[in-house]
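# Secondary and tertiary structure notes
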Amino acid sequence: MKIEKNVVCTFCGCLCDDITLTIENNNITKVEKACANGRGLFEGYDPHFRAPRVNGKEVAFPEAIKEASNILSSARYPLIYGLSSTSVEAQRISVQLAETIGASIDSTSSVCHGPTGLAMQSVGESTCTLGEIKNRADLLVFWGCNPLVSHSRHFARYSAMPKGRFISEGRKDRKVVVVDVRRSETAKSADLFIQIRQGYDYEVLLAIKALLKGKVLSATEVGGVPTELLQQFVHTMKSCRYGVIFFGMGLTMTKGRDLNVREVFSLVRELNNYTRFSAMPMRGHGNVTGADQVMSWLCGYPFAINFSKGYPRYGPGEFTAVDLLSGREADALLVIASDPVAHFPAEAVRYIENIPSIVIDPVESLTAKIATVYFPTAMYGVDCEGTAYRMDSVPLRLKAPLERQRKSDEEVLEAIFEGVKEC
Amino acid sequence: MQVCTLISGRTLEQAKGMHGGKNNDGYKKAVEKAFLSPLLLEKLGLSEGEEILLTTPYGSVRVKTCADMGLPEDVVFMPMGPMVNLLVGPETEGTGMPSFKGLKVEVDKAR
C-alpha cells in the first residue's frame, strides 16, 4: 500500500492540488480531500490494459494506428476535436497533426467559453490568479454559474471561505453576490441574490454600467430586477477593496453570447476607475484553459482553427465543431478526450454516426462506443504525467500516482502523426 | 400546453452518473428529467414525477418532472446531456456555440 499526497484532480478547472490517494495493487482504494466529482474521477477509473478496437473488434496497436492514419490521410476535410481533458503535451501534438493533414482543429471551448474568447479579443480582460482572490478579494460576484455543483471546492479553496493574507476572517470578510435566472445551490448560499429574467443579461449589464457612470434610469426595472436593487449592487461593487466577477455558461450559452461577456469585461474595466476589480471565466474541464493556451501559442488563435490552406485560419461559426458537423462538411473526425455524442445538438450527433471517427479517451464515452477506431488510453494525472492549466491560467505539473498499463494520449497521437506521414 | 424557456446545465446527479459511465442507467436517469416550478406543474395539472412532453422546432422528448422552487414559472431546466440535446438546434450565430440555454419550448402533459 502507498499513500500519494498532493495529487492534482483534473475533473474541473479548479485543479485542486491537495488530494491524497491510497493505492493498493495499483488501484485507488481511498480518496481524501476531493469533492464528490473529484472522488468520482479517481474511484471510477479502471487503469487496466484494454486493447484498441477497430469497428468494435479488438486489434493490436499497430493495426489500429494504421486504420486511424488511413482514415485521416484519405479525408478531404478532417476535423480534430476535444482536447480539454488531456495534457498540454498531447494538445501540442494534436495541433502538429492538424497542420500536417490540413485539418480543422477545435476544442470543447467552442461549446463552453468560446464566446468568452471572442469577448477577450474584442475588449481585453482584467486578469488575476486564484491566489490573489484568496488573499485579497472581499467581493465575489458569481454571474450565470453554479460552482457549488460544477466546481464544488471553488468556494472552500479559492473564493468564499478561505482566510487570506488580507482576509483574516475568511467568509465573514467577504460578500458573495449571485446573479442568475434560477435560485441555484450557489444562490442559496449568497449574501445577495439577484434573479434576472432569462435572456436579459446584456440589458442588465448595460444598466449597471449606466448607473456606475451616474446616469439616471427612467425604467423602474431592467430584466426583472428593480432599478433600486441594481443601484445598491453598483454601490457594493464601487465600495469594495477588491472585487471579482466569476461568470459561467449562463452568459455564453444564451442570447447575446460573446456580447454578454464583452459587457462583463468592459464593466470590470470601468470599475477599475474606482477600485481593484477582475473577471474570471469558470472553466469547466480540467485542461480546457490549456487547450486555449496551446492553440494560441502555436496558431495565434484559441479555437476554431483551419489548416486547409497550410497556415492557421480562425473562424468561429465556420471552423467550430458543431458548425462543421451539422453543416455536413467534415468527412472524418478525430476526438481526443471528449464526448460530442453526449454534448452536441442532435443534428451534429446524427452526422457523426455517418462519418469515420477515431476516439482517444481513457473512458469509453458515447462517442467511443460508435467510433470506427477507439484507443483506450491512460488518464492524465492518474496514470500518466503531464501539464495542465488551472482556470486562472496557472500551469501545474501532474503526477502519475498509478503505474501505467496503457498508451498515453500523447503516444497514440505521435504514432498517428508518424502513420499519416507514411500514407 | 404552456410555452416556456428551456435552459440546461450541470447537476450533481448528472456528474455522478457520468463517473459511472454514460452507458449506465444511473446516468440516463440523471439526464432524462426536467425541473419545473411548482406553479408551472400546477398550471399543467401535474404532480412531481409525472411525465411531460417537451417540444422545440428541433425535436420532442418525454421526460419525468421534478419540482424546483428556485425556478421562475416560465423556465424549464434540464440536466445537460443527450436528452436535452434532442431539443437543441445547430445554429451558433457565428460563434460556434448552439443555444443550450434560452430556447422556446412547448410544455405539455405526456399522453
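Chains are numbered independently. Their residues run from 1 in the order of the written sequence. Lettering of chains starts at A and numbering of ligands starts at 1, both following the order in which they are written. It should be noted that, the model being predicted, local features are given only for residues of pLDDT at least 70 and side-chain atom pairs only at 80 or more, the latter also being counted only at that level, while totals for whole chains, interfaces and linings use all residues.

Looking at an unreviewed UniProt entry, one finds chain B named Formylmethanofuran dehydrogenase, subunit D, with Acetomicrobium thermoterrenum DSM 13490 as its source organism.

Of the regular secondary structure elements, chain A holds 18 helices and 21 strands. Against the compact-globule benchmark of 22 Å for 423 residues, chain A has a radius of gyration of 22 Å, which places it among compact chains. Residue burial here comes from a neighbour count, namely the number of other C-beta atoms, placed from the backbone, that lie within 10 Å of the residue's own C-beta, with 20 or more meaning buried, 12 or fewer meaning exposed, and in between meaning partly exposed. Counting every position in chain A, which comprises 423 residues, the buried fraction comes to 57%. Note on contacts: residues are paired as contacts if their backbone-placed C-beta atoms lie within 7 Å. When contacts within chain A are restricted to residue pairs at least 6 apart in sequence, long-range pairs at least 24 apart make up 67% of them. The helix count covers DSSP runs of H or I at least four residues long, the strand count covers runs of E at least two residues long, and both are numbered beginning at the N terminus. Both definitions apply: the radius of gyration is a C-alpha atom measure, and the globule rule equals 2.2 Å times residues to the power 0.38.

As a further point, take the sheet that holds strand β13 (residues 242–247) of chain A. Through backbone hydrogen bonds, the strands of a sheet pair up, either in parallel or in antiparallel fashion. Residues and elements named next belong to chain A. At least two bridges found by DSSP between two strands is the condition for calling them paired. Spatially, β10-β9-β8-β13-β14 is the arrangement adopted by the five strands of the open sheet, whose pairing is parallel. Looking at the sheet topology across the chains shown, the edges are occupied by β10 (192–195) and β14 (276–281). If you compare each strand with its neighbour and ignore which way they point, the axes differ by 15° on average. The pairing of strand β9 (residues 175–180) with β10 spans four bridges and is classified as parallel. Fitted lines through C-alpha atoms give the axes, limited to the stretch in contact for helices. The angle between two N-to-C directions lies from 0 to 180 degrees.

Right, let's get into the interface of chain A and chain B. Counting residues at the interface gives 45 residues for chain A, matched by 37 residues for chain B. Of all the elements in the fold, those that place two or more residues in the side of chain A that touches chain B are α1 (36–43), α4 (114–123), α6 (147–150), α11 (249–252), α14 (321–326), α15 (340–343), α16 (346–352) and α17 (366–369) of chain A. With four residues, α1 of chain A is the single largest residue contributor to the side of chain A that touches chain B. Within the side of chain A that touches chain B, the residues separate by chemical class into 19 nonpolar, 18 polar and eight charged. Gly counts as polar in this scheme, as do all residues outside two lists: the nonpolar Ala, Val, Leu, Ile, Met, Phe, Trp, Tyr, Cys and Pro, and the charged Asp, Glu, Lys and Arg.

Time to look at the UniProt feature "domain: Molybdopterin dinucleotide-binding" (unreviewed entry) in chain B. UniProt positions are given in the numbering used here, feature names are shortened, and annotations may be inferred rather than shown by experiment. Taking the numbering used here, the UniProt-annotated feature "domain: Molybdopterin dinucleotide-binding" (unreviewed entry) corresponds to residues 5–102 of chain B. Secondary structure content for residues 5–102 of chain B is 26% helix and 30% strand, and the end C-alpha separation is 6 Å.

Mapping A36 of chain A onto the fold places it in helix α1. For the pair A36 of chain A and H151 of chain A, spaced 115 residues apart in the sequence, the C-alpha separation amounts to 10 Å. Leave out the neighbours within four places in its chain, and A36 of chain A touches S152 of chain A together with L12 and K16 of chain B.

Let's shift gears to helix α3 (residues 88–101) of chain A. All names here are of chain A. Between its terminal C-alpha atoms α3 stretches 20 Å, which fits the 20 Å expected from 14 residues at 1.5 Å a residue. Burial of α3 is extensive: ten of the 14 residues sit out of reach of the surface. All buried positions along α3 are accounted for by V88, E89, A90, Q91, I93, S94, V95, L97, A98 and I101. For a helix, the expected span equals 1.5 Å multiplied by the number of residues minus one.

All names here are of chain A. Axis separation between helix α2 (residues 61–74) and helix α18 (residues 409–422) bottoms out at 8 Å; the angle between their running directions is 60°. Considered as vectors, α2 and α18 are oriented oblique to each other. Read as a crossing pair, α2 and α18 show a hand that is right-handed. Between α2 and α18, the contacting residues are I65, K66, A68, S69, L72 and S73 on the first element and A415, I416, G419 and V420 on the second. Grouping the constituent residues of the contact of α2 with α18 by class yields six nonpolar, three polar and one charged. Should an angle lie under 35 degrees it is considered roughly parallel, over 145 roughly antiparallel, and from 65 to 115 roughly perpendicular; all remaining angles are considered oblique. Definitions for this section: a left-handed crossing has its near helix turned counterclockwise from the far helix by less than a right angle. A right-handed crossing has that turn clockwise.

Looking now at the nonpolar core. Structurally, a nonpolar core is described as a collection of buried Ala, Val, Leu, Ile, Met, Phe, Trp, Tyr and Cys residues joined by way of C-beta atoms within 7 Å. In terms of nonpolar packing, the biggest core is built from 169 residues, with V141, I208, F246, F247 and V264 of chain A together with V76 of chain B touching the most fellow members. Looking at this core element by element, the count peaks at seven residues for α3 of chain A. The source of the domain bounds is an automatic or database domain assignment. For this core, the two domains that each supply at least three residues are domain 1 (19–112 + 286–422) and domain 2 (114–281) of chain A.

With that settled, consider the domain arrangement of chain A. All names here are of chain A. Its domain assignment divides chain A into domain 1 (19–112 + 286–422) and domain 2 (114–281). Averaged C-alpha coordinates put domain 1 and domain 2 at centres separated by 32 Å. Partitioned by chemical class, the residues of the side of domain 1 that touches domain 2 number eight nonpolar, four polar and three charged.

A separate point is the pairing of strand β7 (residues 104–107) of chain A. Residues and elements named next belong to chain A. Residues S104 and D106 of β7 are buried on one face, and the alternating residues I105 and S107, pointing to the opposite face, are buried as well. Note that strand β6 (residues 78–82) and β7 share four bridges and pair parallel. Following the sheet pairing, I80 is matched in β7 by I105. Where β7 and strand β15 (residues 305–306) come together, two bridges link them in antiparallel fashion. Note that in β15 the partner of I105 across the bridge is I305.

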